[in-house]
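Listed here are the chains, written in short residue letters.
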Amino acid sequence: MDILGWVLVIALFAIGLAGAVYPILPGALAIYFAFFVYGWFFSFEPFGWWFWSFQTIIVIILFIADYVVNAWGVKRFGGSKASVWGSTIGVIIGPFVIPAFGLIIGPFAGAFLGELVSGSNLKKAMLVGWGSLVGLFTSTVAKVVFQVAMIVIFFIWLI
C-alpha cells in the first residue's frame, strides 16, 4: 500500500509540474492534492497549521499570478482590454486547436487579433502579441519556481 501511495503522490507532482507548462492540467491543485493523498495513505501528522497555511498561500498566489502576469505582459506592451481577453482565450483554446504549438500560437494570435479588433495597426498588434508571449513565459517560469517550492517544502516538512 505504501508503494501505491508514493506512486500517486509522485504522479500528482508530475501532473502539477506539467500543468505549469500546459495550462489545461490542474497544476498547483494537483500538487496540493498530493499532500492529501500522502495524508490518507500515511499520516496527516507531519502537516500542521503552518504547512497548510503556507501551501494554501502559494496556491492562491499561483492562481492570481497566472492571470495577472499574462495580462501584465499584454498591457506592458501597450495592449488593450480586447487583447488581454484575446490572449487569455488563446491560452485556453490554443492547445486544443493546435496541440503541438497552440500554447505559444494561441495567446499570441489572441492578443494580436484582439488588438486589431480594437483598432490598432499591424505593427502595434504584433508588439502586443509579443507581449502576450513575454507574459506567458514569465508566468510559466514563476509557476515552475513556486510549484517546485511547494514540493521541496513538502519533503522538508517530512524530515
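Bear in mind the structure is a predicted one, so any value in this text is a computation, not a measurement.

Visitor: Can you break down the overall build of the protein residue by residue, with the values?
Guide: A tally of helices and strands in the protein yields six helices and zero strands. In the protein, the succession of helices and strands from N to C terminus is α-α-α-α-α-α. Each principal axis of the C-alpha atoms in the protein carries an extent, and together these give about 60 × 30 × 15 Å. When each of the 159 residues of the protein is scored for burial, the buried share is 41%. Long-range contacts, defined as pairs at least 24 residues apart, comprise 65% of the intrachain contacts of the protein with a sequence gap of at least 6. As displayed, the protein offers around 8800 Å² of accessible surface, 80% of which is attributable to carbon and sulfur atoms. When the 6 basic and 4 acidic side-chain charges of the protein are each reduced to a single mean position, those positions are 28 Å apart.

Visitor: I'd love a proper account of the UniProt feature "transmembrane region" (unreviewed entry) in the protein, names of residues and values included.
Guide: UniProt marks residues 7–37, 49–69, 89–113 and 133–158 with the feature "transmembrane region" (unreviewed entry), using the numbering shown here. Overall, residues 7–37 shows 81% helix and 0% strand. The separation of its end C-alpha atoms is 10 Å. As a span, residues 49–69 carries 100% helix and 0% strand, and end to end its C-alpha atoms are 29 Å apart.

Visitor: Can you tell me about the nonpolar core, naming the residues and giving the values?
Guide: Val9, Phe13, Phe35, Phe51, Met150 and Phe154 are the most contacted members of the largest nonpolar core, which has 21 residues in total. For this core, the elements supplying multiple residues, two or more each, are helix 1 (2–21), helix 2 (28–41), helix 3 (49–76) and helix 6 (122–158). Tallying contributions element by element places helix 2 first for this core, with eight residues. Not counting chain neighbours up to four residues away, the residues in contact with Phe13 comprise Ile31, Ala34, Phe35, Ile151, Phe154 and Phe155.

Visitor: Run through the packing of aromatic side chains, naming residues and quoting values.
Guide: Counting across every chain of the model gives 27 aromatic pairs. With 5.7 Å between their ring centres and 65° between their planes, Tyr32 and Phe36 make a pair best called edge-to-face. Here Phe36 and Tyr32 lie together in helix 2, a separation of four residues that amounts to about one turn. A relative accessible area of 27% places Phe36 in the partly exposed class.

Visitor: Requested: an account of the pattern of salt bridges, with residues and values cited.
Guide: As enumerated under the stated definition, the model contains one salt bridge in all. Among the salt bridges present, the one from Lys124 reaches Glu115, with a minimum N-O distance of 3.7 Å.

Visitor: I'd love a proper account of the packing of helix 1 against helix 2, names of residues and values included.
Guide: In contact at an axis separation of 8 Å, helix 1 and helix 2 are set at 170° when each is read in the N-to-C sense. Viewed along their axes, helix 1 and helix 2 adopt a mutual orientation that is roughly antiparallel. Two secondary-structure elements touch here, helix 1 through Leu4, Gly5, Trp6, Leu8, Val9, Leu12, Phe13, Ile15, Gly16 and Leu17 and helix 2 through Ala30, Ile31, Phe33, Ala34, Phe35, Val37, Tyr38 and Phe41.

Visitor: I'd like a description of the packing of helix 4 (residues 81–97) against helix 5 (residues 102–117), backed by residues and values.
Guide: Put simply, helix 4 and helix 5 touch, their axes get as near as 6 Å, and they point 155° apart. For the element pair helix 4 / helix 5, the angle class is roughly antiparallel. Considering the relative orientation of helix 4 and helix 5, their crossing is right-handed. Contacts from Ala82, Ser83, Gly86, Ser87, Gly90, Val91, Gly94 and Pro95 of helix 4 reach helix 5 at Gly102, Leu103, Gly106, Pro107, Gly110, Ala111, Gly114 and Glu115. Broken down by class, the residue content of the contact of helix 4 with helix 5 amounts to six nonpolar, nine polar and one charged.

What counts as what
Residues numbered from 1 in each chain as written. Predicted model: local features only at pLDDT ≥ 70, side-chain atom pairs only at ≥ 80, totals over all residues. Heavy atoms only, no water. Helix = DSSP H or I, 4+ residues; strand = E, 2+ residues; numbered from the N terminus. Buried < 20%, exposed > 50% of the residue type's maximum accessible area, 1.4 Å probe, protein only. Contact = heavy atoms within 4.5 Å. Areas by Shrake-Rupley, 256 points an atom, 1.4 Å probe, with all protein chains shown as cover. Lys, Arg positive; Asp, Glu negative; His and termini not counted. Charge placed at Lys NZ, Arg CZ, Asp CG, Glu CD. UniProt positions renumbered as here; feature names shortened; annotations may be inferred. Core = buried A, V, L, I, M, F, W, Y, C linked by side-chain atoms within 4.5 Å. Phe/Tyr/Trp six-rings, centres within 6.5 Å; stacked < 30°, edge-to-face > 60°. Salt bridge = Lys/Arg side-chain N within 4 Å of Asp/Glu carboxyl O. Axes fitted to C-alpha atoms, helices over the stretch in contact; angles between N-to-C directions. Parallel < 35°, antiparallel > 145°, perpendicular 65-115°, else oblique. Left-handed = near helix turned anticlockwise from the far one by under 90°. Nonpolar A, V, L, I, M, F, W, Y, C, P; charged D, E, K, R; others polar.

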